[in-house]
Structures are given as structure tokens and as C-alpha cells.
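Here is how the chains run, residue by residue.
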Amino acid sequence: MRFINPIPFVGDIDRSRIFYETVLGLTIREDFGDFVLFEGGFAIHEGRALERTIWRQDLSPGEPYGRKNVLLYFEHDDVDAAFARIAPHVELIHPIEQQAWGQRVFRFYDPDGHAIEIGEPQDLGAGGTAV
């Protein structure tokens, strides 16, 4: 077994596709209308369609998908440049901060309220922790 990718539900697939493509600068690998796969394995799916596929019913209409229980993590070689480009277009959780483990990151919400973190690349040692 191997993990492939998370698929956050989104309320408006067009709005989210544009957000991830233009604001975050991700490249679309495949666009199936209600499912968009970006290079690197990140994907989004129109929530109502996926609810019907998985649970065979619509869940609570109007309930937001992002519920402050998942963090979508991305890395950028120049976190300062990424912040300057992205910050004017998002609701920031916080600007660039150095974390206890030494990495510099900033966090914000996507259009559905999913928390996103952009961090500078970290060298991971054999134990999987930043060194």
C-alpha cells in the first residue's frame, strides 16, 4: 500500500482551480471538471459530487468544508517571494514566522477555509525530523 494524495472537498471547483493555479502558482496536470489534479499530486474535488459518490447522499448544504482540522502543506524555495505574491490575495492566519524547529512558514486560508502552510524546504534526517 502507498499513500497517493489528499483530496480536499471544495464548494466551487472553478473558484478553487483558479485560486490554486493563479494565487499559489500550481500547474494543472489533468482537469476532469469536478476533479482537478495538479503536478506534484495535489488534487481538489467538487464537494457535492464527491459526497454523492462516497456517501450516496448530499451532506449538510451550505456547511463549509474547511473546518480548521486539516493543514495543507506546500514548500517554496523562496518563502519571502511566495509571501509577497500570495499574501495580498488571501486571509492570512499569520505572516512568515520561524517555527521552533527552525523552519520559516506562513499560513492562510483557501477560498473554502482550508488552512494552508507555505514553508521553506527542510532537510529531513533519517528520523524524518527537520535538521
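Residues numbered from 1 in each chain as written. Predicted model: local features only at pLDDT ≥ 70, side-chain atom pairs only at ≥ 80, totals over all residues. Heavy atoms only, no water.

A. Up close: unusual backbone geometry. With phi around 60°, K68 is a residue other than glycine that occupies positive phi space. Within the secondary structure, K68 sits in the loop between α2 (47-55) and β5 (71-75). Taking relative accessible area as the criterion, K68 reaches 69% and is therefore assigned exposed. (Helix = DSSP H or I, 4+ residues; strand = E, 2+ residues; numbered from the N terminus. Buried < 20%, exposed > 50% of the residue type's maximum accessible area, 1.4 Å probe, protein only.)

B. Geometry of the sheet that holds strand β1 (residues 9-10). As summarised here, the arrangement of the four strands in space is β1-β4-β3-β2, forming an open sheet in which the pairing is mixed. The open sheet has two free edges, formed respectively by β1 and β2 (28-31), since each of these has just one partner strand. As judged from the two bridges shared by β1 and strand β4 (residues 43-46), these two strands associate in the parallel manner. In the strand pairing of β4, F9 is matched with H45. Set on the sheet, helix α1 (residues 13-23) makes contact with β1, β2, β3 (35-38) and β4; between it and β4 the angle comes to about 165°. Contacts between α2 and the sheet are confined to β1 and β4, with β4 contributing the most and set at about 85° to the helix. (Pairing = 2+ DSSP bridges. Contact = heavy atoms within 4.5 Å. Axes fitted to C-alpha atoms, helices over the stretch in contact; angles between N-to-C directions.)

C. The arrangement of the sheet that holds β5 in detail. Spatially, four strands are ordered β5-β8-β7-β6 in an open sheet, and the strand pairing comes out mixed. Looking at which strands have only one partner, the edges of the open sheet turn out to be β5 and β6 (91-98). Each neighbouring strand pair of the sheet contributes to a mean axis angle of 15°, computed without reference to strand direction. With five bridges connecting them, strand β7 (residues 104-109) and strand β8 (residues 115-119) associate as antiparallel partners. Each bridged residue has a counterpart across the sheet, and for R107 the counterpart in β8 is E117. Most of the contacts of helix α3 (residues 79-86) go to β7, to which it runs at about 20°, and overall it touches β6, β7 and β8.

D. Geometry of the environment of E120. Following the sequence through the fold, E120 ends up in the segment after β8. Placed 15 residues apart in sequence, E120 and V105 show a C-alpha to C-alpha distance of 6.5 Å. With residues up to four places along the chain from it excluded, the contact list for E120 reads Y73, E75, H76, V79, G102, Q103 and R104. A polar side-chain atom of E120 sits 3.0 Å from the main-chain amide nitrogen of R104. (Polar contact = N/O pair within 3.5 Å; in protein donor to acceptor, adjacent residues only side chain to side chain.)

E. Region of the structure containing the pattern of salt bridges. For the coordinates displayed, the defined rule picks out seven salt bridges. For R48, the salt bridge is made with E51, and the minimal N-O distance between the two is 2.7 Å. Residue R48 and its partner E51 are located together in helix α2, separated by three residues, close to a single helical turn. What makes R48 partly exposed here is its relative accessible area of 21%. Connected through salt bridges with shared partners, the residues D14, R17 and D31 form a single ionic network. (Salt bridge = Lys/Arg side-chain N within 4 Å of Asp/Glu carboxyl O.)

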